[in-house]
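Notes for the structure review
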Amino acid sequence: MIRIALPNKGRLAESARELLERAGLEFDARSERALQASLGGDFVALFVRAEDIPEFVADGAADVGITGRDLVAESGRPVETLLELGFGRCRLAVAVREESPVQSVAELPAGTRVATSFPRLTERFFAEAGRPVVIVPVSGAAEIAPHLGVADIIVDLVSTGSTLKVNGLRELATILESSAVLIGRPGVQAEAEAGRRVRELVAALESVLRAQDKRYLMANVPRRALPEIKRILPGINGPTIVDVMDSGEFVAAHAVVDRRDIYRVIADLKELGAEGILVTKIERLMP
Ligand code: AMP
């Protein structure tokens, strides 16, 4: 059995579950509030706090896990990053009060008090910057600390920046860019049996991630326009051209197109006399 540690709540929980489902790992219906769920085949999910996942994976209580790069870095635990998953993007940032005259980390006076739930990364960042600070550990809602007078500045995760704004705070520096990652226990990929399953999982997730920004486009196009069609439709190895039965004038062109290019490609195809244009999502893509 391959044990996959997944966040039981919070920003990453839903996306992690969705990604595994898209890769074909089905959670059984009773798993909504369970601590553990069979994913069919050789996989079982363990639902734990996102913060604890690096620890569980490093200890071997789970073989792999999905959590934030920020939490992996903060844990300082020896785990292997197997795949970048692209969701849960945020940054760990230093923020000061809006009205503070400070414009850079170098201007922070010695002994500045920093409220954060990332004490290790914060400590290291300020030590490397040569600014001795006092860490005020909090378990969340650091942004309130400067207003309560328990800290001068904060180090916290920022996504859109609106939480900082409504709390009258201004970003000063970025410590780390983060997003969700698949991590593995040390050496798992090199193992014969578990390693093969983990590599299969990585390949499946990769194929889903690769597919999500692509679309499959089909159109009936005039045979005479084929040279131009080939320029518009790159495909993976150029478009696939198929004869349409009883239609001498038209052929069907199929291609994988970047999601962001679909709008332009459709317009260009119509200019060339294309008909019956069909665009579908792709579930998995393995080049
Ligand atoms: P925002 O207002 O969009 O900048 O979001 C900031 C708030 O959401 C802070 O309280 C953060 O701790 C939290 N946050 C933002 N992104 C993430 C993330 N990827 N993972 C966990 N917490 C996050």
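Below, the structure is looked at part by part. All values reported here derive from a predicted model rather than from experimental measurement.

In the vicinity of the ligand, the contacting residues are Arg11, Gly88, Cys90, Asp156, Leu157, Val158, Ser159, Thr160, Gly161, Ser162 and Thr163. Contact distances for the ligand include 2.7 Å between an oxygen atom and a side-chain N or O atom of arginine 11. Between an oxygen atom of the ligand and a main-chain N or O atom of glycine 161, the distance comes to 2.7 Å. Of all the cavities here, the one that holds the ligand is the largest pocket. For the shell around the ligand, the elements supplying multiple residues, two or more each, are β9 (153–158) and α6 (162–166). Per-element accounting of the shell around the ligand gives the leading share, three residues, to β9. Partitioned by chemical class, the residues of the shell around the ligand number three nonpolar, six polar and two charged.

Okay, helix α9 (residues 262–271) next. Taken as a whole, α9 has its buried residues at Ile262, Val265 and Leu269. The buried residues of α9 occupy an angular sector of 65° when projected down its axis, which confines them to one face. In α9, the exposed positions that point more than 90 degrees away from the buried face belong to Tyr263, Lys270 and Glu271. Structurally, α9 contributes buried residues whose contacts are with β12 (214–222), α8 (226–232), β14 (250–258) and β15 (275–281). Residue glycine 273 follows α9 closely and has a positive phi angle near 90°.

Quick notes on the rules
Residues numbered from 1 in each chain as written. Predicted model: local features only at pLDDT ≥ 70, side-chain atom pairs only at ≥ 80, totals over all residues. Heavy atoms only, no water. Near = heavy atom within 4 Å. Polar contact = N/O pair within 3.5 Å; in protein donor to acceptor, adjacent residues only side chain to side chain. 1 Å grid on protein atoms, 1.4 Å probe; cavity = no way out; pocket = protein on both sides within 12 Å on 5 of 7 lines; lining within 4 Å. Sits in = over half its atoms within 2 Å of the grid points. Helix = DSSP H or I, 4+ residues; strand = E, 2+ residues; numbered from the N terminus. Nonpolar A, V, L, I, M, F, W, Y, C, P; charged D, E, K, R; others polar. Buried < 20%, exposed > 50% of the residue type's maximum accessible area, 1.4 Å probe, protein only. Arc of directions from axis to C-beta. Contact = heavy atoms within 4.5 Å.

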